[in-house]
Amino acid sequence: MSNTSSLDVIASLCKRRGFIFHSSEVYGGINGFWDYGPLGCEMKRNIKDAWWQAMVRDREDVAGLDATIIMHPAIWKASGHLDTFSDPMCTCKSCKKLMRADQVDDILTDGEIGKTLQALLDEHADYGKIAGWCKGKGKGLAPNLPAVTDPDALTAAVEKLKADPACATTLSALYALLGAGAPSTRCPYCGGELTEPRPFNLMFKTIVGPVDDPSNVAYLRPETAQAIFAQFLNVYATSRMSVPFGIAQMGKSFRNEVTPRNYTFRSREFEQMELEFFIKPDEAVELLYGKVTTMADQPDLSVPQKEWGWEVWHKYWVEQRKKWIIACGLPKDSFVEYWQKPDELAHYARACVDIEYAFPFGVQELEGIAARSDFDLTQHQKHSGKSMEVFDEPLKQVCSKMDETAKAAFVEKVAAEWQSRGKDPEAARAFARKLFEGRYIPHVIEPSAGVDRMMLALLCNAYEEQKLVDEKGKEDTRVVMHFSPKVAPVKVAVFPLVKNKPEVYNKAREIFEYLRRRTAAFWDEGGAIGRRYRRQDEVGTPWCITVDFQTAEDDTFTVRERDSMKQERMTLAQFKAMLDEALVF
Ligand code: ATP
């Protein structure tokens, strides 16, 4: 539906209509922080409710958790966030701006320097025009770029271009040429020299207690997932669930992102919705059921089966997440599955899929689904000294019936398989022997989504400017947000046709009072009905009800549907039944 609206247009609508504001705006704002206004917070709540419904309440195998944002700092040591949660970052030696090393090229492309140079490349400009840029526009845009500041550097670049015009046909190659250096070594903001990339920890530090001492340092959580691992034993003991089962949590996360950008896409404070779904190791599945289903078996993914191995569980969760995204209103051709390549995977991960949405600024990660093996629980077992193993009685029973030869053969088979994956065969043998006692550390599949990114994708997808022609042939533009009713911040708006007739006004109030107790309803009595419709179209309200003189007579009112603009008379009971049906997930 979206006509590839630019992010600026979306951001302006969001500000104008109370979806999203810059945090602390009266003081000039604070970079990377966003507030959700009256409509934005309703919509965000709908997204979170929809996730909770699908991931927790609709399932018998997932329990919820609501843990604190500040946790024992040892958790971040165990998880690896203290040592490795860092982005390589560069600083510009001239303008002092900090930026992520992997984003230098993107910042260049998005900025004025990149846009003007790209325009020259697009028109196949020769060395003369490029030299003209360096002596003209470039002086203002990239005052620290060698070809702009140093006539010798410019001459060298021009000579190279003359000799081989194909030496700089891409933006980064041209910028490198003008920068007298290798790609990505010049600042995309001013052309200055960048430092070598250095790691920068993304966690926000704070002090717990009154004494500002290094021993009291704690961190705002950079993800919600670790609390799930840290509380695994408690939830396992109290929820009466057995593996496979999941623990879900949603809430704020904080990352001191080096370059927050693309509106809310990369924020410093954001909300996550994460599930850790614990499964049996494949070796336990094999012992229990004599086989492990893999994707090569082309399994039906609709209902989980006990023989599924990690690979099938992973794909199952990818499919579940895609279904949910579609149910929220993103068309299935608006996002893609990106399967990380083996060299992109974290060392413990067996697979990771990013669901990527085509945002106006490019195809980017909406959420990820990772198969993380038993890495996290093993780390917490090591660091806390508490066993994270579960006891599986049926597994013990099955193994008690195996003779010693079969057990020895199984142990060696596991050792060989682990070794083929570069893992320690001795550890494999110890693990296999533990299985005979019915003990193992569960493996985990992690679907991890961002509320803010989902909301941004829904906003981008919903926006449309429609050209309309009225009965008198007059042209008009209608801005309409095509939200699914499930996520729309307001489900229904109620209008009295007139204000000054109590039989109309009071009836409309009565209908509104009934609806607002049951859903997000909005009252509007100001201006012509057509203008009231347009105001609701712009915030994506799926239905508008107009109460008129006939309502007092036959209890029907006009329901106008947002997308088709069709109008139909209905009773309150009929409308309520339609609304309920549309809101079921
Ligand atoms: P990216 O590569 O974009 O930095 P990531 O791979 O680090 O993301 P994860 O750590 O897997 O992200 O976090 C899971 C989800 O949390 C992401 O898919 C995204 O939806 C959300 N998320 C992560 N970082 C941010 C952020 N800075 N702002 C908004 N949402 C975020």
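Residues numbered from 1 in each chain as written. Predicted model: local features only at pLDDT ≥ 70, side-chain atom pairs only at ≥ 80, totals over all residues. Heavy atoms only, no water.

A.B. asks: Lay out the overall build of the chain in plain terms, naming residues and giving numbers.
C.D. replies: Each helix and strand counted, the chain has 24 helices and 23 strands in total. On the principal axes, the C-alpha backbone points of the chain span a range of 90 × 80 × 55 Å. Burial status across the chain gives 51% buried among its 585 residues. For the chain, the exposed area adds up to about 27700 Å²; of that, 52% sits on carbon and sulfur atoms. (Helix = DSSP H or I, 4+ residues; strand = E, 2+ residues; numbered from the N terminus. Buried < 20%, exposed > 50% of the residue type's maximum accessible area, 1.4 Å probe, protein only. Areas by Shrake-Rupley, 256 points an atom, 1.4 Å probe, with all protein chains shown as cover.)

A.B. asks: Outline the site of the ligand, supporting the account with residue identities and numerical values.
C.D. replies: Every one of the 15 residues lining the ligand counts as a neighbour, but Glu 257, Arg 266, Ser 267, Glu 365 and Leu 366 are closest to it. The separation between an oxygen atom of the ligand and a polar side-chain atom of Gln 272 is 3.1 Å. For the ligand, whose accessible area on its own is 580 Å², the fraction buried by protein is 81%. Mapped onto the shell around the ligand, the elements with two or more residues apiece are strand 10 (269-279), strand 13 (362-371) and strand 16 (443-450). By residue number, the principal contributor to the shell around the ligand is strand 13, which donates four residues. (Near = heavy atom within 4 Å. Polar contact = N/O pair within 3.5 Å; in protein donor to acceptor, adjacent residues only side chain to side chain.)

A.B. asks: Can you explain the pattern of salt bridges? Please cite residues and give values.
C.D. replies: Should the charged atoms of two oppositely charged side chains come close, the side chains can pair. Counted by the stated rule, this structure contains 40 salt bridges. Between Glu 538 and Arg 16 there is a salt bridge, and its shortest N-O distance comes to 2.4 Å. Remark: Arg 16 occurs in helix 1 (residues 7-16) and Glu 538 occurs in helix 22 (residues 529-538); sequence separation between them is 522 residues. Here Glu 538 falls in the buried class, since its relative accessible area comes to 14%. A salt bridge links Asp 580 to Lys 576; the shortest N-O distance between them is 3.0 Å. Of the two residues, Asp 580 and Lys 576 both sit in helix 24 (residues 572-583), four residues apart, roughly one turn of that helix. Via salt bridges that share partners, Arg 100, Asp 102, Glu 257 and Arg 266 belong to a single interconnected network. (Salt bridge = Lys/Arg side-chain N within 4 Å of Asp/Glu carboxyl O.)

A.B. asks: So what about the sheet that holds strand 4 (residues 86-91)? Which residues, and what values?
C.D. replies: Read across the open sheet, the three strands follow the order 5-4-6; overall the sheet is antiparallel. In this open sheet, the two strands that pair with only one neighbour each are strand 5 (98-100) and strand 6 (198-201). Strand after strand, the sheet turns through a mean of 50° between neighbouring axes, direction not considered. In this structure, strand 4 lies alongside strand 6, joined through four bridges in antiparallel fashion. Directly across from Met 89, in strand 6, lies its bridge partner Arg 198. (Pairing = 2+ DSSP bridges. Axes fitted to C-alpha atoms, helices over the stretch in contact; angles between N-to-C directions.)

A.B. asks: Lay out helix 19 (residues 425-436) in plain terms, naming residues and giving numbers.
C.D. replies: Its twelve residues give helix 19 an end-to-end C-alpha distance of 17 Å, which sits within 8% of 16 Å, the value for a rise of 1.5 Å per residue. What helix 19 keeps buried is the set Pro 425, Ala 428, Arg 429, Phe 431, Ala 432, Leu 435 and Phe 436. Viewed end-on, helix 19 has its buried residues packed into an arc of 165°, placing them on one side of the element. Elements in contact with the buried residues of helix 19: helix 14 (282-289), helix 17 (393-400), helix 18 (404-420) and strand 15 (439-440). Structurally, the start of helix 19 carries an N-cap: the backbone nitrogen of Glu 426 is 3.0 Å from a side-chain oxygen of Asp 424. (Expected span 1.5 Å × (residues − 1). Arc of directions from axis to C-beta. Contact = heavy atoms within 4.5 Å.)

A.B. asks: Tell me about the domain arrangement of the chain, and please be specific about residues and values.
C.D. replies: In terms of domain boundaries, the chain breaks down into domain 1 (7-69 + 222-387 + 448-454), domain 2 (86-198), domain 3 (393-437) and domain 4 (490-582). Each of domain 3 and domain 4 has a C-alpha centre, and the two are 66 Å apart. (Domains from an automatic or database assignment.)

A.B. asks: So what's going on with the packing of aromatic side chains? Residues and values would help.
C.D. replies: One pass over the full model with this rule turns up 27 aromatic pairs. Arranged with centres 5.4 Å apart and planes meeting at 55°, the rings of Trp 308 and Tyr 316 form a pair that is tilted. Relative accessible area serves as the criterion here: at 2%, Trp 308 is assigned to the buried category. One aromatic cluster is present, formed by Phe 229, Phe 232, Tyr 236, Phe 245 and Phe 278 through successive ring pairs. Its guanidinium or amino end placed over the ring of Tyr 36, Lys 44 lies 4.1 Å from that ring's centre, counting from NZ or CZ. One cation-aromatic arrangement involves Lys 97 over Tyr 189; the distance from NZ or CZ to the ring centre is 4.8 Å. (Phe/Tyr/Trp six-rings, centres within 6.5 Å; stacked < 30°, edge-to-face > 60°. Lys NZ or Arg CZ within 6 Å of the ring centre and 35° of its normal.)

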